[in-house]
Amino acid sequence: MQYFKINSPQVIHQNIENEVMIIHLDKGVYYNLNQTGILIWNSLTSGDSSEDTLQKMLGEYEGNSAEIQSCFAEFHKELLEEGLIVPCEKGQEIAKTQPSPLKQPFLKPVLNKYTDMQELLLLDPIHEVDNGGWPEKKE
Amino acid sequence: MGEIKQEQSYFEKVCLAFQDAAKKAEAIYEYYYKIAEHSICLRFAGESLVPLMTHAFKHLQTQTVSKPDLTLCLWDRELTKTDLPPTNFCRSEYYASKPGLEKTSIYSAWQPDYAILSILSCEENLGFYCIPQAKSLPYFETAAPLRLLFHWWMQERGIQLIHSGCVGKQNKGILFAGKGGSGKSTTTLACLLHGMDYLGDDYVLVSHKDATVYSLYNSGKIHADNIHRLPSLLPLVKNADKLNQEKAIVFLYDFFPAQILYSLPLHAILMPKITGQKATAIKKASATSALMALGPSTIFQMAGAGEKALGALVQLVQKTPVFSLELSTEAAEIAQFLDAFAT
């Protein structure tokens with residue numbers, strides 16, 4: 001079983017009106033997700049293993065299970081590559097939810113990435129100090 | 001814990017350096033303000049920074065207060081011949097201990113391009129701001145001084161400094177949320193020129209618990225390419241000779257004192273968007289879209305902002321009506337539209 005958690009403190013997120021906003025503070029990038037992405041995000045970050053999350057998807061969505069599995073793997077890899085989640089020892093124990101009686105059509109999970117704030121990091125005040133104790137700009 | 005001790009010790013050294021600077025300057029100047037229900041003292045070692053750092057707060061000035069809630073001490077190293085104490089800790093590690101503030105109540109930031117140090121102890125309600133020389137102060141600092149120090153201290157008191165403009169009418173505040181270039185400043189200043197009340201065009205303070213917006217700066221900034229859209233502002237611009245390099249700055253309290261207010265209850269959040277249409281229009285929008293407009297541009301500008309700031313913004317957008325504002329090309333028409341909206 002593989003478990004993951006939010007890559008905090010550099011990554012923060014908020015659930016609002018059934019949507020999720022994620023901010024990577026170090027990269028100056030922010031994200032939102034479509035509904036399938038939200039299901040995966042909420043599942044992984046609330047303590048489900050990646051295997052349990054996939055099972056949750058298969059229970060929630062109708063469609064080709066091989067396609068669902070492949071889309072999940074791709075999305076999961078993207079979350080890791082973006083540094084939004086990191087592996088952890090074991091997720092917290094949570095009550096398992098029952099799959100919906102009526103399955104929904106499967107939509108590929110999407111991670112929308114916004115980079116329009118990155119220039120603000122030019123004002124990044126975090127810098128190393130030189131030998132004399134004075135801060136110097138990170139190259 | 002070792003790092004934290006070093007941070008505390010460094011704060012104490014900065015405190016001693018300011019005392020030394022004040023002695024060498026042979027004069028301390030104190031100015032008092034009421035900002036977001038708190039009494040604030042700005043204490044200067046020498047007068048070189050006084051005109052540069054106080055103009056934007058002029059509308060909030062009060063009489064002397066015996067025990068201010070927060071004291072911020074400022075000095076310039078050239079005038080006072082007082083350097084900063086050398087550091088022996090890594091500032092990146094220093095920051096790493098900040099999120100959540102569980103371990104320490106000391107915040108600091110170093111602006112390398114201008115060699116400006118801001119450091120604050122939330123426990124002692126005492127902060128310091130030190131620059132190499134008054135003449136090297138960047139123009140945007142005069143328009144919006146001490147942003148980080150206010151952000152850190154106010155956040156601990158349930159008040160969030162946000163990247164937003166705010167105007168109002170009849171005790172209804174309208175917040176403009178959006179990144180730079182969205183039309184926020186032009187819209188805010190057009191509303192002021194139309195006669196509406198004004199709290200700020202770029203940064204305001206918000207109490208997310210009772211949705212009250214507080215003014216912080218009476219300055220207005222507008223890109224030189226856009227000032228022709230508000231021609232009556234042009235004679236009021238402070239840095240008219242530098243518009244090839246700088247945004248135009250106007251200290252609005254000097255010209256519109258009755259319209260620069262202290263606070264307003266928040267009535268709506270509008271997200272301006274430049275459309276090129278002839279008529280301004282408004283459409284209901286989601287709290288999520290307001291969070292997308294407000295959150296990143298606030299959080300990425302404020303060192304040390306994170307989970308707490310985002311949580312505050314969620315509370316704010318959930319309790320406030322949100323609209324997208326499709327801007328026309330005519331500033332006066334936009335202002336008329338918003339005047340009617342707020343009435």
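In this text, all values refer to a predicted model and were calculated from it rather than measured experimentally. Numbering of residues begins from 1 in every chain and follows the order in which that chain's sequence is written. To read the labels, note that chains go from A and ligands from 1, taken in the order they are written. Where local features are concerned, this predicted model is filtered to residues with pLDDT of at least 70; where side-chain atom pairs are given and counted, the filter is 80 or more; whole-chain, interface and lining totals use all residues. Heavy atoms throughout the structure, all of them, feed into the side-chain values; hydrogens and water do not.

A. Structural view of the overall build of chain B. If you tally the helices and strands in chain B, you get ten helices and 17 strands. Note that the radius of gyration is over C-alpha atoms, with the globule rule given as 2.2 Å times the number of residues to the power 0.38. For chain B, the C-alpha radius of gyration of 20 Å lies close to 20 Å, the compact-globule estimate for 343 residues. Taken along the three principal axes of its C-alpha coordinates, chain B extends 60 × 40 × 35 Å. Classification of residues uses two cut-offs on accessible area relative to the type maximum, computed with a 1.4 Å probe and protein chains only: under 20% is buried, over 50% is exposed, and between them is partly exposed. Counting over 343 residues, chain B shows a buried share of 62%. Considering only contacts within chain B whose residues lie at least 6 apart along the sequence, 72% involve residues at least 24 apart. Only the protein chains shown count as covering a residue, and every accessible area follows the Shrake-Rupley method with a 1.4 Å probe. Accessible surface computed for chain B: about 13,200 Å², of which carbon and sulfur atoms make up 51%. Asp and Glu count as negative and Lys and Arg as positive, but His and the ends of the chain are not part of the count. Lysine's charge is taken at NZ, arginine's at CZ, aspartate's at CG and glutamate's at CD. Across chain B, the mean location of the 32 positive side-chain charges is 3 Å away from that of the 32 negative side-chain charges. Secondary structure elements are taken from DSSP: a helix is a run of H or I of four residues or more, a strand is a run of E of two residues or more, and numbering for both begins at the N terminus. Should any heavy atoms of two residues lie within 4.5 Å, those residues are counted as being in contact.

B. Representation of the layout of surface pockets within the structure. Residues and elements named next belong to chain B. Only protein atoms enter the 1 Å grid used here, on which a cavity is any set of points holding a 1.4 Å probe that cannot leave and a pocket is any open set flanked by protein within 12 Å on both sides along at least five of seven lines; residues with an atom within 4 Å of a point are listed as lining. Grid points are joined across faces, edges and corners, and a volume is the space filled by probe spheres set on the points. Considering only enclosed or pocket space, the second largest pocket measures out at about 400 Å³ in volume. Residue lining of the second largest pocket: 20 residues in total, with G178, K179, M271, P272 and A293 positioned closest to the centre. Within the residue set of the lining of the second largest pocket, elements represented by two or more residues are β15 (263-277), α8 (287-299) and β17 (322-328). Looking at which element gives the most residues to the lining of the second largest pocket, the answer is β15, with four residues. Nonpolar residues are Ala, Val, Leu, Ile, Met, Phe, Trp, Tyr, Cys and Pro. Charged residues are Asp, Glu, Lys and Arg, and all others, Gly as well, are polar. For the lining of the second largest pocket, the class distribution of residues is nine nonpolar, six polar and five charged.

C. Highlighting the pairing of strand β13 (residues 219-222) of chain B. Residue and element names in this part refer to chain B. Judged by which residues are buried, β13 turns out to be covered on both faces: S219 and K221 on one side and G220 and I222 on the other are all buried. Two strands are said to pair when DSSP picks up at least two bridges between them. For β13 and strand β14 (residues 248-251), the ladder comprises four bridges, and the chain directions are antiparallel. Opposite G220, over in β14, you have V250 as the bridge partner.

D. Representation of the packing of helix α2 (residues 50-60) of chain A against helix α3 (residues 65-81) of chain A within the structure. Residues and elements named next belong to chain A. Contact geometry for α2 and α3: axes closest at 10 Å, N-to-C directions at 135°. The orientation of α2 relative to α3 falls into the category oblique. Both α2 and α3 take part in a crossing whose hand is right-handed. Side by side, α2 and α3 meet where S50, T53, L54, M57 and L58 of the first sit next to S65, I68, Q69, F72 and H76 of the second. Every axis in this analysis is a line fitted to C-alpha atoms, fitted for helices over the stretch in contact. Angles between the N-to-C directions lie between 0 and 180 degrees. When describing relative orientation, an angle under 35 degrees is termed roughly parallel and one over 145 degrees roughly antiparallel, while 65 to 115 degrees is termed roughly perpendicular and anything else oblique. The hand of a helix crossing depends on one turn: near helix anticlockwise from the far one by less than a right angle means left-handed, and clockwise means right-handed.

E. Molecular detail of unusual backbone geometry. Following A:S8, the chain continues into A:P9 via a peptide bond in cis, with omega recorded as 10°. Following the sequence through the fold, A:P9 ends up in the loop between β1 (3-6) and β2 (11-16). Of note in this structure, A:N18 is not a glycine but carries a positive phi near 60°. Relative to the helices and strands, A:N18 is located in the loop between β2 and β3 (19-24). Among the residues examined, A:N18 registers a relative accessible area of 66% and is labelled exposed. Phi angles above zero are rare outside glycine, and B:Q170 is one such case at about 50°. Assignment of secondary structure puts B:Q170 in the loop between β8 (159-169) and β9 (172-177). Using a relative accessible area of 51% as the deciding quantity, one classes B:Q170 as exposed.

F. Local environment of the nonpolar core. Residue and element names in this part refer to chain B. Each nonpolar core is a collection of buried residues, namely Ala, Val, Leu, Ile, Met, Phe, Trp, Tyr and Cys, held together in the definition by side-chain atoms within 4.5 Å. With 81 residues, the main nonpolar core has I35, L146 and F150 as its most contacted residues. If one sorts the elements of this core by residue count, α8 sits on top with seven residues. Start and end positions for the domains come from either an automated domain assignment or a database one. Split by domain, the residues of this core number at least three in each of domain 1 (2-155) and domain 2 (159-342). Not counting chain neighbours up to four residues away, the residues in contact with I35 comprise I40, F57, L60, F150, M154, L205, S215, L216 and Y262. In this structure, L189, A190, L233 and A331 belong to the second largest nonpolar core, which totals 32 residues.

G. View of the environment of A:D116. Checked against the element boundaries, A:D116 lands in the loop between β8 (111-114) and β9 (128-129). The sequence separation of A:D116 and A:Y3 amounts to 113 residues, and the corresponding C-alpha distance is 31 Å. Each residue touching A:D116, except ones within four places of it in the same chain, is listed here: A:Y30 and B:K179.

H. Geometry of the sheet that holds strand β4 (residues 29-33) of chain A. All names here are of chain A. Strand order in the open sheet made by the four strands is β2-β3-β4-β8, with antiparallel pairing throughout. Taken across any chain shown, the strands that pair with only one partner, and hence form the sheet edges, are β2 and β8. Strand-to-strand twist in this sheet, taken as the mean axis angle between neighbours without regard to direction, amounts to 20°. In this structure, β2 lies alongside β3, joined through six bridges in antiparallel fashion. Across the sheet, residue H13 finds its bridge partner in β3, namely I22.

I. Spatial organisation of the packing of aromatic side chains. Residues and elements named next belong to chain B. Pairs were defined over the aromatic rings of Phe, Tyr and Trp, the Trp ring being its six-membered one, requiring ring centres within 6.5 Å. Orientation was assigned from the angle between planes: stacked under 30 degrees, edge-to-face over 60, tilted for the rest. Within the structure shown, the criterion is met by 14 aromatic pairs over all chains. Plain terms: the ring middles of Y31 and F44 are 6.0 Å apart, the flat faces sit at 85° to each other, and that makes the pair edge-to-face. A residue pair is termed long-range when its members are at least 10 positions apart, and Y31 in strand β1 (residues 28-35) and F44 in strand β2 (residues 38-45) qualify at 13 residues. Exposure remark for F44: the relative accessible area of 0% places this residue in the buried category. Note on F57 and F150: the rings are 5.6 Å apart at their centroids and 55° apart in plane angle, and the pair reads as tilted.

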